[in-house]
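Here is what each chain is made of, one letter per residue.
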Amino acid sequence: MKRTVLATLLTIVLSAGILRAESVRTLNNEGVEAYERGDYQDAENLFDQAREKKPEDLRIQYNRGAALAGSDDLEGALDAFARVSGARDEEIARRADFSRGVAFLKQAQAKAGQQDMDGAIKSAQAAEEANKVVLLQTPQDEDARINFEIAHRLRKQLEEVRQQEQQQKDQQQENQQEDQQQQKQEQQEQYAQQDQHNAQ
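Residues numbered from 1 in each chain as written. Predicted model: local features only at pLDDT ≥ 70, side-chain atom pairs only at ≥ 80, totals over all residues. Heavy atoms only, no water.

### Considerations on the packing of helix 5 (residues 90-113) against helix 6 (residues 117-137)
Point 1. At a minimum axis separation of 8 Å, helix 5 and helix 6 run at an interaxial angle of 160 degrees. Viewed along their axes, helix 5 and helix 6 adopt a mutual orientation that is roughly antiparallel. Seen from above, helix 5 lies across helix 6 with left-handed handedness. Residues R94, D97, F98, R100, G101, F104, L105, Q107, A108, K111 and A112 of helix 5 pack against M117, G119, A120, S123, A124, A126, A127, A130, N131, V133, V134 and Q137 of helix 6.
Point 2. Residues belonging to the contact of helix 5 with helix 6 are distributed by class as follows: 13 nonpolar, six polar and four charged. (Axes fitted to C-alpha atoms, helices over the stretch in contact; angles between N-to-C directions. Helix = DSSP H or I, 4+ residues; strand = E, 2+ residues; numbered from the N terminus. Parallel < 35°, antiparallel > 145°, perpendicular 65-115°, else oblique. Left-handed = near helix turned anticlockwise from the far one by under 90°. Contact = heavy atoms within 4.5 Å. Nonpolar A, V, L, I, M, F, W, Y, C, P; charged D, E, K, R; others polar.)

### Focus: the packing of helix 3 (residues 58-70) against helix 5
Point 1. Running from N to C, helix 3 and helix 5 cross one another at 15 degrees; their axes reach a closest spacing of 11 Å. Considering the angle they form, helix 3 stands roughly parallel to helix 5. Along this stretch, helix 3 crosses helix 5, giving a crossing that reads as left-handed. Each of L58, R59, Y62 and A69 in helix 3 lies in contact with helix 5, whose residues at this interface are I92, R95, A96, S99 and K106.
Point 2. The residue makeup of the contact of helix 3 with helix 5, split by class, is five nonpolar, one polar and three charged.

### A word on a negative patch on the surface
Point 1. There is a patch of like negative charges on the surface, built from D170, E174, E178 and D179.
Point 2. With respect to the element layout, E178 can be found in helix 7 (residues 142-199).
Point 3. For E178, a relative accessible area of 42% corresponds to the partly exposed category. (Patch = residues over 30% accessible without salt bridge, like charges linked within 9 Å, V, L, I, M, F, W, Y side chains within 5 Å. Areas by Shrake-Rupley, 256 points an atom, 1.4 Å probe, with all protein chains shown as cover. Salt bridge = Lys/Arg side-chain N within 4 Å of Asp/Glu carboxyl O. Lys, Arg positive; Asp, Glu negative; His and termini not counted. Charge placed at Lys NZ, Arg CZ, Asp CG, Glu CD. Buried < 20%, exposed > 50% of the residue type's maximum accessible area, 1.4 Å probe, protein only.)

### Points about the nonpolar core
Point 1. The biggest cluster of nonpolar side chains holds 16 residues, and the ones touching the most others in it are F104, L105, A127, L154 and L158.
Point 2. Mapped onto this core, the elements with two or more residues apiece are helix 4 (74-85), helix 5, helix 6 and helix 7.
Point 3. In terms of residues, this core owes the most to one element, helix 6, which gives six residues.
Point 4. Excluding residues that lie within four positions of it along the chain, L105 makes contacts with A127, I150, A151 and L154.
Point 5. In this structure, A77, V84, A87 and I92 belong to the second largest nonpolar core, which totals 10 residues. (Core = buried A, V, L, I, M, F, W, Y, C linked by side-chain atoms within 4.5 Å.)

Right under this line is the structure:
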């Protein structure tokens, strides 16, 4: 009797575990399908549901990051990829680092478009670093090499733009100071002429 009850309980526990695993797998697969058809919000929701059931699964976390990046939630994507970046599974860690590089590059371009040069430069540097990590692991990764070069060129361009803007700002300040000095000198000359005129 005890053995039958114990065997039944064990069967129920194992069945629940199998159903849970299949449910997670189904949610993840449905999320991938939603991602592939461009429905990033639905994909994110499905990956969130899968993550609630199996929070330690880094592949689900990575997939969630990809969905967030697809919907241009770059901060959320970067956070998700950072959680996966140090994984023991080298393949998923490499993919996370590569995806971080792509997200940082998109972020740099967005910040440059918003005239946030400092933020754009920091994001471009982060893109370089993420791609450098991938290249150290897999030197033959041509996509990471190309992304590294794009991020490097973008950072250099942004630094030049920032330098030009600073030079323009410095020149404007110098011109303003010269104008103020000239106005002050003209006022002093006018006062001196009025004093001479009044003295006569």
